[in-house]
Each structure stands twice: as C-alpha cells, then as structure tokens.
Amino acid sequence: MGILEKIKDIEEEMARTQKNKATEYHLGLLKAKLAKYRAQLLEPTTKSSKPGEGFDVLKSGDARVVFIGFPSVGKSTLLSKITETKSEVASYEFTTLTAIPGVINYHGAEIQALDLPGIIQGASQGKGRGRQVVAVAKTADVILMVLDATKSREQKAQLTAELEAVGIRLNRPKPDIVFKIKKGGGITFNTTCKSLTYMDEKMVMNILRDYKIHNADVMIREDCTVDDFIDVIIGTRKYVKCLYVYNKIDGISMEELERLAREPHTVVISCEMNLNLEHLVDRIWEELGLLRVYTKRKGKAPDFSDALIVREASSIENVCHSIHRTLAEHFRYALVWGASAKHSPQRVGLTHMVAEGDVVSIVTK
Ligand SMILES: Nc1nc2c(ncn2[C@@H]2O[C@H](COP(=O)(O)OP(=O)(O)OP(=O)(O)O)[C@@H](O)[C@H]2O)c(=O)[nH]1
Ligand SMILES: [K+]
Ligand SMILES: [Mg+2]
C-alpha cells in the first residue's frame, strides 16, 4: 500500500471513530501514525528536484516576508504596491508562476518580500506546485497570509491546514518539552506539570514505540497535546509568525470590515484603493521584531543616517558581527547610550543586550 492510501485509511478510520473518553486513546495513536506518514510524504523525492523547478530565491537583506494565498487574492498587486518590483497582475488565477522577490525599504532596513504563485487546497500533498510554494514559506521570518475579504471565511483555516501539513506552526511558541534521544537506558519520563490533560506516560511510551524510539529522556513542562508532543519528536517543525492580511476590503460592508479588523494578528487592506498599506508595512516591521542600533566613533556624533539592523534579543556580540566578521575578536568593551543602558554611557561587555535606538561605540584592543 502506498503512503497516500495509508493516510487515507487512517483519516477514514478517524472520521468513523466517535470522539469520546473511551476512544480518545486510540485516536491519539492514529494521529501519531498519520503525522508519521505525512512526514514521509514530505521527504524530498528525486524527481521533484529538477534544476530550474524550485523557487530558490537567494535570501537577501535583513529579513524575509513571504506572501501566501489562494489564487487571485491580490498577492502580486500587493508586491507592486509596497515595493519597486512590478509583479504581473491579472484577473485570472495562477498569473504568477514563480517566486518574485521585491524589497521593502523601511527604517533603514531592507526587507525581502516574496510574491508566490497561488496555492490550492491539497498543495501540501503536491497539488499544483504547492509543495514548492509551501517549502518557501518555511524560510520566512514572517508569513503574510493574503486573504480575499470578499470570499469565504474558510480560506484562512484551509491555508493554515496546508501550512500545518508541511510542519509550519503559525503564531505558536515551541511546546515546552525537553526531548533527548540516547544510545541506551530506555525511556525516562518526567513532567513538571501537576496533571496532564491530554497525555499520560503510557501514551508517550506508545507513541515513542510507534516511532521506533527506544531510548530517550522526555520532560514535559506544559500541559501539551498529542500533536505538540509529536511535533517535538519529529523535530523539524518551524514556528513562524504570521500576519493575516484581508485584501479587497473595498468590496465588503463596514460591519464585516470592523469584525475582520478585530481578529488577532490581522490587517485589513485594499490594494486597489490604497487603503491601510502604510499601516501594513508598520505591522510587518513590528512582527519582524528588528532593532535599529546606531554606531558612534570616539569623539564624533553618532551616525543616525545609517542604522545597523539586528534581530530582537541581540547582544553587543551580535552587533559586532553585523559590523564586521572579526570585530568581536578584537573587542575590549563597548559604550552604550539609550534604553538598554543603566546610565549613559554605560560601559558593557559582549553579552549586554541592546534595545531599539541604542547608540553603541565599540572600543577594540
Ligand atoms: N476589488 C479589488 N480588486 C483587487 C484588489 N487588489 C487586487 N485586485 C484584483 O484582483 C485580481 C488578482 O490580482 P493579482 O495581484 O494578480 O492576484 P494574485 O494573488 O497575485 O494572483 P495569482 O498570481 O494568480 O495567484 C486582479 O484583477 C487585481 O486587479 C483590491 O484591493 N480590490
Ligand atoms: K491573478
Ligand atoms: Mg500573482
């Protein structure tokens, strides 16, 4: 039996099985099996890696934003509006056939924006060129899920399911589970939770056996689900931030607009009417969590025209690396002015964490 058939069998069995206390356990195991086969499905096959078929666009700039959506929701229109790149726009589906990169210049940062072909349901199983598209989504710092405000509200759940199926988890922290494979010693199970609602030791043991893992340390530190646990043992999950962007709000009622705008992680726009596009770029910037740090030479004023862009939770060492590859080796200390400094300037070492807008002066040996 092929993998697709096995998946179908399990899905059918799950659909047949009534959800209740007595079947919960069995359903958990079925889920584990299903995830295992899905993961196999995603393993690269030789025939899908023909040269020129992939969407490998080199990463460039300070961060990458990827546009994902069904056909004709306005992804290319959006790229053409917020970057200098013109991506072909048309009223028919599958206008865009490859990845089109553009650059959003904002706060001195260069953010790479990738317009992609529209995906259809079943994309994660290889329908259309869906697998290539969703594979690019994995490389994003932020995913922009572009939705058509005039179409069915199911789009969002359908797309989320397609991304989930390739191991992408949107706006969710990594489950707090420590999992270590060992050479021997069997399975040790521990938890810091007073009680686990969805899992127990027996379930953990059964799932691990199913995955042919016989020696491992498991420490569960939150009340996680079976799915969370499987995500951790599979280990290749990507936890990515997502902004839901409803385009074409020129075509919906005021009431509907207000309802959508209140959903979490959501921005409502109209490319055609140029509505809210600046706000969208602000929100992309916020989601990326980039920081601007300014450098200052001894005895000179800081250079506010040229910010260094670093990721949130960056240290002086990260700042050194973004100035020059070998700077950290010659580092003596740094002087910091701004929000991260206790007093200005504060003399700090490599591990000091910088904040947005800090001015930094690096003193070398
Ligand atoms: N009413 C309205 N139409 C829009 C808006 N933005 C884009 N469109 C139209 O929607 C159609 C599809 O736009 P595209 O930018 O080609 O959509 P896409 O998502 O890139 O489509 P594919 O590449 O085929 O997946 C075009 O006819 C656009 O003019 C909008 O804000 N309002
Ligand atoms: K189109
Ligand atoms: Mg397009």
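Please read these numbers as outputs of a predicted model, since none were measured by experiment.

### Examining the coordination of the potassium ion (ligand 2)
At the metal site, the potassium ion (ligand 2) is ligated by S72 (OG), A90 (O), Y92 (O) and T95 (OG1), and these contacts range over 2.6 to 2.8 Å. Between the two metal centres, the potassium ion (ligand 2) and the magnesium ion (ligand 3), the spacing is 5.0 Å. With S72 in the loop between β1 (63-68) and α3 (75-82) and Y92 in the loop between α3 and β2 (100-106), this pair connects stretches of sequence that are 20 residues apart. Take S72: its relative accessible area is 23%, and that puts it in the partly exposed class.

### Overview of the pattern of salt bridges
Within this structure, the stated rule accounts for 19 salt bridges. Linking K33 and D210 is a salt bridge whose minimum nitrogen-to-oxygen distance equals 3.8 Å. Linking K33 in helix α2 (residues 21-42) with D210 in helix α6 (residues 201-210), this pair joins segments that are 177 residues apart in sequence. The salt bridge partner of E164 is R169, with a shortest N-O separation of 3.5 Å. The exposure class of E164 is partly exposed, given its relative accessible area of 28%. Through salt bridges that share partners, R153, K156, E256, R259 and E263 make up one connected network.

### Regarding the nonpolar core
The biggest cluster of nonpolar side chains holds 63 residues, and the ones touching the most others in it are F67, I68, L78, I143 and I284. Counting contributing residues per domain, this core is built from domain 1 (48-172 + 238-288) and domain 3 (290-364), each supplying no fewer than three. Not counting chain neighbours up to four residues away, the residues in contact with I284 comprise V65, I82, I104, L144 and L243. Within the second largest apolar cluster, 24 residues are counted, among which are M203, V204, I213 and C224.

### Considerations on the site of ligand 1
Surrounding ligand 1, one finds 22 residues, the nearest of these being K75, T77, T95, T96 and D250. S76 is positioned with one of its side-chain polar atoms (N or O) 2.8 Å from an oxygen atom of ligand 1. One of the side-chain nitrogen or oxygen atoms of N247 is found 3.1 Å away from an oxygen atom of ligand 1. Bound to the protein, ligand 1 loses 87% of the 660 Å² it would expose on its own. In terms of residue count, the dominant contributor to the shell around ligand 1 is α3 (three residues). Residues that form the shell around ligand 1 fall into these classes: seven nonpolar, ten polar and five charged.

### A few points about the domain arrangement of the chain
Under the domain assignment, the chain is made up of domain 1 (48-172 + 238-288), domain 2 (175-236) and domain 3 (290-364). On a C-alpha basis, the centres of domain 2 and domain 3 stand 41 Å from each other.

### As for α6
Among the residues making up α6, those that are buried are M203, V204, N206, I207, L208 and D210. A positive backbone phi angle near 55° is found at K212, which sits one or two residues after α6.

### So, the sheet that holds strand β7 (residues 187-191)
Across the sheet, which stays open at both edges, the three strands sit in the order β6-β8-β7 with mixed pairing between neighbours. The open sheet has two free edges, formed respectively by β6 (177-181) and β7, since each of these has just one partner strand. Neighbouring strand axes in the sheet, compared pairwise and without regard to direction, differ in orientation by 5° on average. Bridging between β7 and strand β8 (residues 216-220) involves five bridges; their strand directions are parallel. Paired with T191 across the strands is I220, a residue of β8. The sheet strands contacting α6 are β6, β7 and β8, and the helix crosses β7 at an angle near 140°. Relative to β6, helix α7 (residues 226-234) is tilted by about 40°, and along the sheet it contacts β6 and β8.

### Considering the side chain of T83
Summarising the element assignment, T83 is placed in the loop between α3 and β2. What makes T83 buried here is its relative accessible area of 6%. Looking at T83, its side chain comes within polar contact range of the main-chain oxygen of L79, at 2.8 Å. Within the structure, T83 has its side chain in polar contact with the backbone nitrogen of T85 (distance 3.1 Å). Contact partners of T83, with chain neighbours within four places excluded, come to G102, V103, I104 and A113.

### Observations regarding unusual backbone geometry
Backbone torsion omega between S344 and P345 reads -5°, so that peptide bond is classified as cis. Relative to the helices and strands, P345 resides in the loop between β13 (331-337) and β14 (346-348). Positive phi outside glycine occurs at H265, with the angle close to 55°. Position of H265 among the secondary structure elements: in the loop between α8 (254-261) and β10 (266-268). One non-glycine residue, N274, lies in positive phi territory at about 55°.

Basis of the calculations
- Residues numbered from 1 in each chain as written.
- Chains lettered and ligands numbered in written order.
- Predicted model: local features only at pLDDT ≥ 70, side-chain atom pairs only at ≥ 80, totals over all residues.
- Heavy atoms only, no water.
- Donors = N, O, S within 2.8 Å, 3.2 Å for Na, K, Ca; no water.
- Helix = DSSP H or I, 4+ residues; strand = E, 2+ residues; numbered from the N terminus.
- Buried < 20%, exposed > 50% of the residue type's maximum accessible area, 1.4 Å probe, protein only.
- Salt bridge = Lys/Arg side-chain N within 4 Å of Asp/Glu carboxyl O.
- Core = buried A, V, L, I, M, F, W, Y, C linked by side-chain atoms within 4.5 Å.
- Domains from an automatic or database assignment.
- Contact = heavy atoms within 4.5 Å.
- Near = heavy atom within 4 Å.
- Polar contact = N/O pair within 3.5 Å; in protein donor to acceptor, adjacent residues only side chain to side chain.
- Areas by Shrake-Rupley, 256 points an atom, 1.4 Å probe, with all protein chains shown as cover.
- Nonpolar A, V, L, I, M, F, W, Y, C, P; charged D, E, K, R; others polar.
- Pairing = 2+ DSSP bridges.
- Axes fitted to C-alpha atoms, helices over the stretch in contact; angles between N-to-C directions.

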